[in-house]
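Fold and contact review
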Amino acid sequence: MFLRSGKHVDSESPIAKKRKGEIVKCEKKAILRNYNQLPQDCISHLLSLTTPRGACVLSAVSPTFRSMADSDAIWQQFLPSDYASFLSHSVVPVEHASKKELFLRLCDHPVPIYGGKMAFGLEKSSGAKCFTISARAMSISFIDSNSLWKWVPLFNSRFSEAVQLRFNSFLNKDAMAFSGRIATKTLSSETTYTAYLIYRCTYYEFRTCIPASFLESSVEIGMANAYNGIVCLHPKCNLRSDVEWPTRRRDRWMEVKVGEFYVKGGEDEKVKIKLQKSEGDEIPCILLLGMEIRANSVDSMIRKT
């Protein structure tokens, strides 16, 4: 690199780095001036074509972009068209000062609806609808047996109760099934969903003498089978690559994948997610919160392609 004086300057020298930084800074200012000269309707259209995450990134471009990117008109487009119908069934009112605040609230804190039998939320990168089916709304084998199941009140959780599997060496060895159902029209169309069983281990969490037992999981959409897998609820084992193993969540619950399926546009079918324990197997005593049906994030879908 040469200065005007004709002297050679190393490209890695402090002078060269300072000069390069000044050039980059000038280029950024020129780009920002060009962006700020765009008509507001053009900026609005540009923001409407991006994702919620993209809108947050573009809001850092300039004050003009930030004002448009935070507007209710933009975030209304990211919310599902039927979000208000779900919020009308909320257990408690959902307060929000803006549509952006509502969007982020639903992403981070799903809202209990339908008397606490379900929870409604959003996937942050796409705005797709997500739901959690409470244990009370699930179909569970022997749920009326007080010697096998016990309802436990919860605090600071999305649901007010969970159901605990008691230790019963006789009944625990019987065939057992957990299942949850939801309509495809309730979910976001053209979206891939993953279902998770949400639970905690209780009595057996630290007992390693119990062998890992495996459960069969499946997803049916209408009369068609969409998924089959093998699941283990035991948190201390991770031995087989063909098995879905549990992971610990930030909210201190555990989750394990029990199915994956794709919702087509215009589809109106019932989705049944089922977990089946064979006779003779013994599973850890669990505190079951429910089944979460979560839209796959945009990033995870990109990684799969």
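Just above, that's the structure.
These numbers come from a predicted model, not from an experiment.

Definitions and limits used
Residues numbered from 1 in each chain as written. Predicted model: local features only at pLDDT ≥ 70, side-chain atom pairs only at ≥ 80, totals over all residues. Heavy atoms only, no water. Salt bridge = Lys/Arg side-chain N within 4 Å of Asp/Glu carboxyl O. Helix = DSSP H or I, 4+ residues; strand = E, 2+ residues; numbered from the N terminus. Buried < 20%, exposed > 50% of the residue type's maximum accessible area, 1.4 Å probe, protein only. Pairing = 2+ DSSP bridges. Core = buried A, V, L, I, M, F, W, Y, C linked by side-chain atoms within 4.5 Å. Contact = heavy atoms within 4.5 Å.

For the rest of this paragraph, the subject is the pattern of salt bridges. Under the criterion given, the structure shown has 10 salt bridges. The salt bridge partner of Lys124 is Asp108, with a shortest N-O separation of 3.0 Å. Taken together, the residues span a long stretch of sequence, with Lys124 in the loop between strand S2 (118-122) and strand S3 (129-134) and Asp108 in helix H7 (residues 99-108) at a distance of 16 residues. Look at Lys124 and you get partly exposed, because its relative accessible area is 39%. A salt bridge links Arg136 to Glu161, with the nearest nitrogen and oxygen atoms 2.7 Å apart. Of this pair, Arg136 sits in the loop between S3 and strand S4 (139-140) while Glu161 sits in strand S6 (residues 161-165), and the two are 25 residues apart along the sequence. Using a relative accessible area of 24% as the deciding quantity, one classes Glu161 as partly exposed. Connected through shared salt-bridge partners, Arg249, Asp251, Glu255, Glu292 and Arg294 make up one network.

Here the focus is the pairing of strand S7 (residues 176-183). Here S7 lies mainly inside the structure; 7 of its 8 residues are buried. Where S4 and S7 come together, 2 bridges link them in antiparallel fashion. Across the sheet, Ile140 pairs through a bridge with Phe178, a residue of S7.

Let us now look at the nonpolar core. One finds Phe178, Leu197, Phe261 and Leu288 to be the most contacted residues of the largest nonpolar core, which totals 61 residues. Other than its neighbours up to four places away in sequence, Leu288 contacts Ala135, Met138, Ile140, Ala162, Val163, Phe178, Leu197, Ile198 and Tyr199. Ala119, Ile198, Leu287 and Leu289 belong to the second largest nonpolar core, which has 10 residues in total.

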